[in-house]
Structures are given as C-alpha cells and as structure tokens.
Amino acid sequence: MAFGWFSGKKDPAGRSLEKADKLAGQGRWAEALSYYEDALEAQPGWEPAAGGVRTCRERLVAWNLEEAQGYANAEDLPKAQEHAALALELAGEHPELRRRAQEALDRLGSGAPEAPAPGRAAERLFPPSCACPAPSCATGGQGETDEDLASVDDLFGFYLESLSAEEREAFEHLGDGFAEAFVHLQQGETDRARPGLEEAARAHPDAPGPHYALGLLAALDKDVEAAEGHFLRALGADPDFSPAAHHRADVLRERGRPGEGAAFLREWLKGHPEDGEAWVLLAAGSFEAGDPAPALEAAEEAVRRVGPADPRPTLWKARALRELRRPDEALEAFQTVAARHRDLLEALVPLGQLLLEKGAGTAEKAAEVFKRCYRLDGDRGWWYLLRVAEAYAAKGWKPEARDVLATARRELPDTEEALAQWDVVSRRVT
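Since we're looking at a predicted model, the values are computed, not measured.

Comments concerning the overall build of the protein
Then, in step 1: A count of helical and extended segments in the protein gives 22 helices and 0 strands.
Then, in step 2: For the protein, long-range pairs separated by at least 24 residues make up 57% of all intrachain contacts whose partners lie at least 6 apart in sequence.
Then, in step 3: Accessible surface, the protein as shown: approximately 19,700 Å² in total, 50% of it carbon and sulfur.

See below:
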C-alpha cells in the first residue's frame, strides 16, 4: 500500500481523524482541532485532516470574535481585546481568518491585549469569586461580576448541549468551579482547566464526572496512561457510565493494546448489550488486534444498533469481510457506505481497489472512483493517478494509461517509495 490509511488497519493518523470527526460532530472544536492536527502531522497534506483544521479554526475564531464584540458592547475593552487576540492566535496561517481577527483588534484600538502592570496578576477570562491572590484562582480581590457568571453559565450550557445525556447528567451539578474549568477544557486551555477539575474530583469523590473530565484533559495532553487511569476511576464511581467505558477502549487502542480494549468491551457488553457505540469500538479493536471474524460479528451488531447514518459500522464490516477474503461482500459494503457518504475516502479508496482487483470488467468503474479521490485529495493525487493508469491498462487502453502515467510522474513527490511505485506501474503499463 502507498499509505497506511489506505489499508484496512487503522494507523495513528486514521485513529486521530476518527476521534477528531467525532469531537467535531459534538461541537467540541478545541479538542477536535488537536486531533486533526495530529492526523495532519502524521500524514502531511491529508485533505480530510486539513479540512477539519480549517473548520475548527473557523468556529473558534468566530466564537471568540462574537465574545469580543459582546464585551466591547458592554464597554469591557480589555476582555474584548483578549478575545480578539485569542481569535488571531487561533486563526493560525489562514489569511482570511487572520484578516478578520486583525480587523477586530484594530477596531478595538490595539493589536494586543493590554499587558498587566508589574506586580499585578494577569486578569483571567473567567475569574472565580474568591479573593485569593494566586494567579491560578485570583481576581485581585475584586470577585466576579454578574456578567462574568452569566458568561460562564452560558458557555457551560452551550457545551453541555453538544454532549450525550449521560455526560450532561454527570456534569450538571458539580458547581461553578467545575463549570468554569470545563469551559476552559472545551477551549483547549488545559492548564487553566486542570485546577478546577482536580478540585471537583476532591469535592465529589463518588461522582464519575470529574475524573471523566480529567481523562478528557489527559487525552488532550496526549498523556494516554493518565487518561486511562481517570476513566477507570470514573467507572469505579459509576460502573454503568458508558462514556468512560468508550474512552477507555479508545485509549487502549491509542496505547497499542486493541486486543485488551476488545476484551474489556466484551465484558462491558454483557451488561450493556444495547450500547451501539461499544459495538462499533469492539469491531474496531477486534480488527486492529488481528481478529477479523469477531470484528465482523461486532460490526454487524453495530449496524443494527447504530443505524445507517453513521458510516463506521459498515466500514468495519467491509474491512473485516475483505480481510476474510470475501471480496464480493466487502465490495457491496463499501458501495453502501460510498453511496451515502460520497466524499469519504476511507470508503472510496478500498472500493476502487476492490473494483480494480476484479479485473477488466470493473476496471472502468475503478478508474472513475479513483478520479473522484483525486478531486477530493489533490495532495496525494499521484497515487490515485497510478491507480487510474492501472485501470486503463486493465481495460487495454494503453495510450490513455501512458498519458495518465506521465501526469502522475509530474506530480510524484521526491521519495523512494513514490518513485518505486511509479516504476512498478510504469513497467506494467508499458
């Protein structure tokens, strides 16, 4: 295979993208951004990950600019500038986002928030009500205003709306300190979130919510060992808290222990057979552990539990069928996903490969699939063009295959792997 994510087994970039898509679907843009960037770092130029980064930055910039305008209307210029400056930072290297953020800063009269005077702690975005002078919790003794509290409450409520019912129930009654810390967590400010979450864990030792949130924080910081520990503590507080079970299984996959995660989920599902997400994760973990038969069983159950709108169950079913050397059934499953999710490369690439493997009769269809992939993912266009050339050659269209091969050669990156692949296809075609 040219790239790990083209194969059935999920590589680190694929796992990061899967988690990022899930977080983005919940409106958790700061967390999603971190995972999209991980995927992009592992697979530079990968358009699904790059598009996710753009979307997350757009949402975060827009939200901070709205907050800046709100504080400006309330004549709180320092906080308005702080949000506008954060928007500029979150814009990254995207010119249009940077322009919008810079224009907001210019309207507010400064290119950066006012620096704190010597000896005075920097004012926090959401200062707590205590009068402690420590930077980690202080307001300089001035306390919170009603406007500050309303802002935290509104943001906390906004983030809760994107969560599952179980997560909302676990988070709703943990106090103002937890609410503020959770807002920081959702904005990716893990250092500011940590003290409040740890305090909530001490104050509510029998509640799953604080340790679950600390697990999310540790995962965001890429400390997967600590994350697993917190998810286990959350399950200790509530053995039926499914979000912690799901995240523990995910963390075990991240730690390279998918078989252990699958075993954990099998035990979990004995008591929670209705948990569709757990069936999806069991299919993933079983497949990544090299067990396609139980992965297929779990995927088929996930299809029944989750429904057709979510592509993951059918994708895992298709991958398992392909690994079990049942290509016609795998082809049908990939076609099912591709018909509903027309831009999903994880379905299109193996679909094209299977059509190509079937020979001349389906080679033209394979070429059309890879042409669509080329339009969706231009940064890896050379790889798709090589597949198109192979498909044309299988049809006996040698002149067309040579033309496509020449185009692929011009787009080829200067790597040994790419050159070797081009050489193999060139020999087949010519």
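Brief notes about the nonpolar core
Then, in step 1: Membership of the largest hydrophobic core comes to 133 residues, with the highest contact counts inside it found for F171, F178 and L197.
Then, in step 2: Among the elements that line this core, the one with the most residues is helix α20 (residues 381–395), at 10 residues.

Structural notes on the environment of D221
Then, in step 1: Locating D221 in the fold gives a position in the loop between α10 (208–220) and α11 (224–237).
Then, in step 2: For D221, a relative accessible area of 36% corresponds to the partly exposed category.
Then, in step 3: Distance from D221 to E31, taken between C-alpha atoms, is 9.9 Å for residues 190 residues apart in sequence.
Then, in step 4: Setting aside chain neighbours within four positions, we find D221 in contact with T190 and R194.

Looking at the confidence of the model for the protein
Then, in step 1: Residues of the protein with pLDDT of at least 70 account for 87%, and the chain-wide mean is 84.
Then, in step 2: The low-confidence segment residues 1–10, where pLDDT is below 50, has 39 contacts with residues more than four positions distant or belonging to other chains.
Then, in step 3: Segment residues 111–150 is flagged for pLDDT under 50; beyond a separation of four residues in sequence, or across chains, it makes 62 contacts in the model.

Here we look at the side chain of D250
Then, in step 1: In this structure, D250 sits in helix α12 (residues 242–254).
Then, in step 2: Beyond its immediate stretch of four places on either side in the chain, D250 contacts K19 and L281.

Overview of unusual backbone geometry
Then, in step 1: If you check the backbone angles, K222 has positive phi at about 65° while not being a glycine.
Then, in step 2: With respect to the helices and strands, the residue K222 is situated in the loop between α10 and α11.
Then, in step 3: The partly exposed category is assigned to K222, whose relative accessible area is 37%.

Let's talk about helix α5 (residues 95–107)
Then, in step 1: The terminal C-alpha atoms of α5 lie 18 Å apart, and with 13 residues this matches the ideal 18 Å at 1.5 Å per residue to within 8%.
Then, in step 2: Residues L97, A101, A104 and L105 constitute the buried set of α5. For α5, the arc enclosing every buried residue in end-on projection is 100°, short of the 170-degree limit, so these residues lie on one face. Away from its buried face, by an angle of more than 90 degrees, α5 presents the exposed residues P95 and R107.
Then, in step 3: In this structure, the buried residues of α5 make contact with α3 (47–73) and α4 (77–90).
Then, in step 4: Two residues or fewer after α5 comes G109, characterised by a positive phi angle close to 95°.

What to know about the environment of D240
Then, in step 1: Inspection of the secondary structure puts D240 in the loop between α11 and α12.
Then, in step 2: Separated by 28 residues in the primary sequence, D240 and W268 place their C-alpha atoms 8.9 Å from one another.
Then, in step 3: Discounting chain neighbours no more than four positions away, the residues touching D240 are E166, W268 and H272.

Things to note about the pattern of salt bridges
Then, in step 1: A complete count under the given rule lists 29 salt bridges for this structure.
Then, in step 2: Taking the shortest distance from any N to any O, the salt bridge between R192 and E189 comes out at 3.7 Å.
Then, in step 3: Take R192: its relative accessible area is 26%, and that puts it in the partly exposed class.
Then, in step 4: One network of salt bridges, in which partners are shared, links E228, R248, R255, R257 and E260.

Some remarks on the packing of α11 against α12
Then, in step 1: Here α11 crosses α12 at 155°, and the two axes come no closer than 9 Å. As the angle between them shows, α11 and α12 are arranged roughly antiparallel. Crossing of α11 against α12: the hand is left-handed. Residue-level inspection shows V224, A227, E228, F231, L232, A234 and L235 of α11 in contact with α12, the latter providing A244, A245, H247, R248, V251, L252 and E254.
Then, in step 2: For the contact of α11 with α12, the class distribution of residues is 10 nonpolar, 1 polar and 3 charged.

Quick word on a negative patch on the surface
Then, in step 1: Taken together, the side chains of E166, E169, E172 and D240 present a region of like negative charge at the surface.
Then, in step 2: Relative to the assigned elements, E172 resides in the loop between α7 (165–171) and α8 (176–186).
Then, in step 3: Overall, the relative accessible area of 42% leaves E172 in the partly exposed class.

Here's the deal with helix α21 (residues 398–411)
Then, in step 1: An ideal rise of 1.5 Å per residue puts 20 Å on 14 residues; α21 measures up with 20 Å between its terminal C-alpha atoms.
Then, in step 2: Its buried side turned inward, α21 meets α20 and α22 (416–429).

What about the packing of aromatic side chains?
Then, in step 1: According to the stated counting rule, one finds 13 aromatic pairs in the structure shown.
Then, in step 2: Where F171 meets Y212, the ring centres are 5.9 Å apart and the plane angle is 25°; that geometry is what we call stacked. Here F171, found in helix α7, pairs with Y212, found in helix α10; they are 41 residues apart in sequence, far enough to count as distant.
Then, in step 3: The buried category is assigned to F171, whose relative accessible area is 1%.
Then, in step 4: A network of ring pairs unites the aromatic residues F156, F171, F178, F182, Y212, F231 and F241 as a single cluster.
Then, in step 5: R319 extends its terminal NZ or CZ atom over the ring of W316, reaching a point 4.4 Å from the ring centre.

Describing the packing of α3 against α4
Then, in step 1: Running from N to C, α3 and α4 point in directions that differ by 165°, and their axes come no closer than 7 Å. Here α3 lies roughly antiparallel to α4, going by the angle between them. As α3 runs across α4, the sense of the crossing is left-handed. On the side of α3, the interface is formed by R57, L60, V61, W63, N64, L65, E67, A68, Y71 and A72, while α4 contributes K79, A80, H83, A84, L86, A87, E89 and L90.

Calculation notes
Residues numbered from 1 in each chain as written. Predicted model: local features only at pLDDT ≥ 70, side-chain atom pairs only at ≥ 80, totals over all residues. Heavy atoms only, no water. Helix = DSSP H or I, 4+ residues; strand = E, 2+ residues; numbered from the N terminus. Contact = heavy atoms within 4.5 Å. Areas by Shrake-Rupley, 256 points an atom, 1.4 Å probe, with all protein chains shown as cover. Core = buried A, V, L, I, M, F, W, Y, C linked by side-chain atoms within 4.5 Å. Buried < 20%, exposed > 50% of the residue type's maximum accessible area, 1.4 Å probe, protein only. pLDDT = per-residue confidence, 0-100. Expected span 1.5 Å × (residues − 1). Arc of directions from axis to C-beta. Salt bridge = Lys/Arg side-chain N within 4 Å of Asp/Glu carboxyl O. Axes fitted to C-alpha atoms, helices over the stretch in contact; angles between N-to-C directions. Parallel < 35°, antiparallel > 145°, perpendicular 65-115°, else oblique. Left-handed = near helix turned anticlockwise from the far one by under 90°. Nonpolar A, V, L, I, M, F, W, Y, C, P; charged D, E, K, R; others polar. Patch = residues over 30% accessible without salt bridge, like charges linked within 9 Å, V, L, I, M, F, W, Y side chains within 5 Å. Lys, Arg positive; Asp, Glu negative; His and termini not counted. Charge placed at Lys NZ, Arg CZ, Asp CG, Glu CD. Phe/Tyr/Trp six-rings, centres within 6.5 Å; stacked < 30°, edge-to-face > 60°. Lys NZ or Arg CZ within 6 Å of the ring centre and 35° of its normal.

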